[in-house]
Amino acid sequence: MVIVMKPTASEESIQNMVSKIENLHCKVHISQGENYCILGIIGETSKINADQIEAYDSVEKVIYVQHSFKLASRLFHPEDTIVTVDNVKIGGGNLGIMAGPCAVESEDQLLTIAKLVKESGANLLRGGAYKPRTSPYSFQGMEEEGLKLLKKAKEATGLPIVTEVMDTETYDIVAKYADIVQIGARNMQNFPLLKKVGKGTVPVLLKRGLAATIEELLMAAEYIMSEGNQNVILCERGIRTFETYTRNTLDLSAVLAVKELSHLPIIVDPSHASGKWAMVEPLSKAAIAVGADGLEIEVHNNPEQAVSDGAQSLKPGKFDHLMKSVRTIAEITDKKI
Ligand code: PEP
Ligand code: MN
């Protein structure tokens, strides 16, 4: 952390600031330029409240050198984290391909899709039993019945289950069935929910909020990790921009930024990012090419009749085609599926 004092700051105000920081058990390195006096703070700066420092008349600004996330930071954990779910590894050169319907609708629908995505090479099954819908009048999910069907699909295919948890009240029931609990974009800053999944042992798929910065995404991961659960997978699923042609704007540079800043795996969801099935395969190839650790893709055997997100869902044959081209990119980039 660096404190830039105003050119008008008196010697006394500078000394007062130095004492204040030293009382918080940090060291201060004073660098006096022609106009500005700059205080370099060394030590455990998390105890320093930058807002309070900036409230002083003598202070120009406070600049962070380190990020506020620590457990999620690559600085403190240089090697890639690998999240292991059953025998599937995600991160550190291993791709997690999560495929399945937006929502669990029936046994027939789920089992049909699960078997087909498995045949095509997906290694995890996604499906929502509790659905965050924009309208309260839309289908809200099959709830525990849906979770039971996911369990059946796992028994039939061996694919571990990724499913969304929407609130703290239903965490225990979802965690009983899920191999990975998903925190949806709308809940990325639901802090009680982040703390709840952080206290649990089930790995977490944390999706980027609709208008969240990369730093906010990493701070949300920090919430989970600071409670004990280190198995966090991040997901770029498109953000809100002025563009309306696609459902969201896929921010592929977020994958590169997260790789620089953090050791956590990051996957891409091209289905919610684009909202258009025809864009899903090309965006998946691009995501793997830039270094994403996997994909989350909506697949439906009858998208024309899907209760949610039909327009962005791939038919199983199209998913099979996607897997073939993704495998080619994976080979070139030295990744394992
Ligand atoms: C989903 O994956 O079904 C979903 C609702 O995604 P998001 O939270 O990214 O909108
Ligand atoms: Mn969906």
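Above this note sits the structure.
Reading guide: rules and limits
- Residues numbered from 1 in each chain as written.
- Chains lettered and ligands numbered in written order.
- Predicted model: local features only at pLDDT ≥ 70, side-chain atom pairs only at ≥ 80, totals over all residues.
- Heavy atoms only, no water.
- Helix = DSSP H or I, 4+ residues; strand = E, 2+ residues; numbered from the N terminus.
- Polar contact = N/O pair within 3.5 Å; in protein donor to acceptor, adjacent residues only side chain to side chain.
- Contact = heavy atoms within 4.5 Å.
- Buried < 20%, exposed > 50% of the residue type's maximum accessible area, 1.4 Å probe, protein only.
- Right-handed = clockwise from strand over helix to strand, strands pointing away.
- Pairing = 2+ DSSP bridges.
- Donors = N, O, S within 2.8 Å, 3.2 Å for Na, K, Ca; no water.
- Salt bridge = Lys/Arg side-chain N within 4 Å of Asp/Glu carboxyl O.
- Core = buried A, V, L, I, M, F, W, Y, C linked by side-chain atoms within 4.5 Å.

A few points about the side chain of Ser-325
Residue position: Ser-325 is located in helix α11 (residues 316–332). A distance of 2.8 Å separates the side chain of Ser-325 from the side chain of Glu-281, its partner in a polar contact. Excluding residues within four positions of it along the chain, Ser-325 makes contact with Glu-281 and Lys-285.

Regarding the pairing of strand β11 (residues 204–207)
The alternating pattern of β11 places Val-204 and Leu-206 on one face and Leu-205 and Lys-207 on the opposite face, and all of these are buried. After leaving strand β10 (residues 180–183), the chain enters helix α6 (residues 191–199) and then returns to the sheet as β11, a path that is right-handed. Note that β11 and strand β12 (residues 232–236) share four bridges and pair parallel. Within the sheet, the bridge partner assigned to Val-204 lies in β12 and is Val-232. Read from β11 through helix α7 (residues 214–226) to β12, the crossover connection turns out right-handed.

Thoughts on the coordination of the manganese ion (ligand 2)
Put simply, a metal with four donors set out as a tetrahedron has ideal angles of 109.5 degrees, and one with six donors set out as an octahedron has ideal angles of 90 or 180 degrees. At the metal site, the manganese ion (ligand 2) is ligated by Cys-102 (SG), His-272 (NE2), Glu-298 (OE) and Asp-309 (OD), and these contacts range over 2.0 to 2.4 Å. In this structure His-272 comes out as buried when scored by relative accessible area, which is 9%.

Let's talk about the pattern of salt bridges
The full count for this structure, using the stated rule, is 16 salt bridges. The salt bridge involving Lys-199 is made with Glu-227; its shortest N-O contact spans 3.4 Å. Here Glu-227 lies in the loop between α7 and β12 and Lys-199 lies in helix α6, a separation of 28 residues in the sequence. In this structure, the salt-bridge partner of Glu-296 is Lys-207, at a minimum N-O distance of 3.0 Å. Pair noted here: Glu-296 is in strand β14 (residues 294–298) and Lys-207 is in strand β11, with a separation of 89 residues, a long-range link. The residues Glu-296 and Lys-207 share a single accessibility class, namely buried. Each member of the salt-bridge network shares a partner with another, and the members are Arg-126, Lys-207, Asp-269, Glu-296 and Glu-298.

Re the nonpolar core
In terms of nonpolar packing, the biggest core is built from 69 residues, with Val-117, Leu-125, Val-181, Val-197, Leu-206, Leu-234 and Phe-319 touching the most fellow members. Ranked by residue count, the leading element in this core is α7, at seven residues. The residues contacting Val-181, other than those within four sequence positions of it, are Thr-163, Val-165, Tyr-171, Val-174, Ala-175, Val-197, Val-202, Pro-203, Val-204 and Leu-205. In this structure, Met-1, Ile-14, Ile-48 and Val-59 belong to the second largest nonpolar core, which totals 18 residues.

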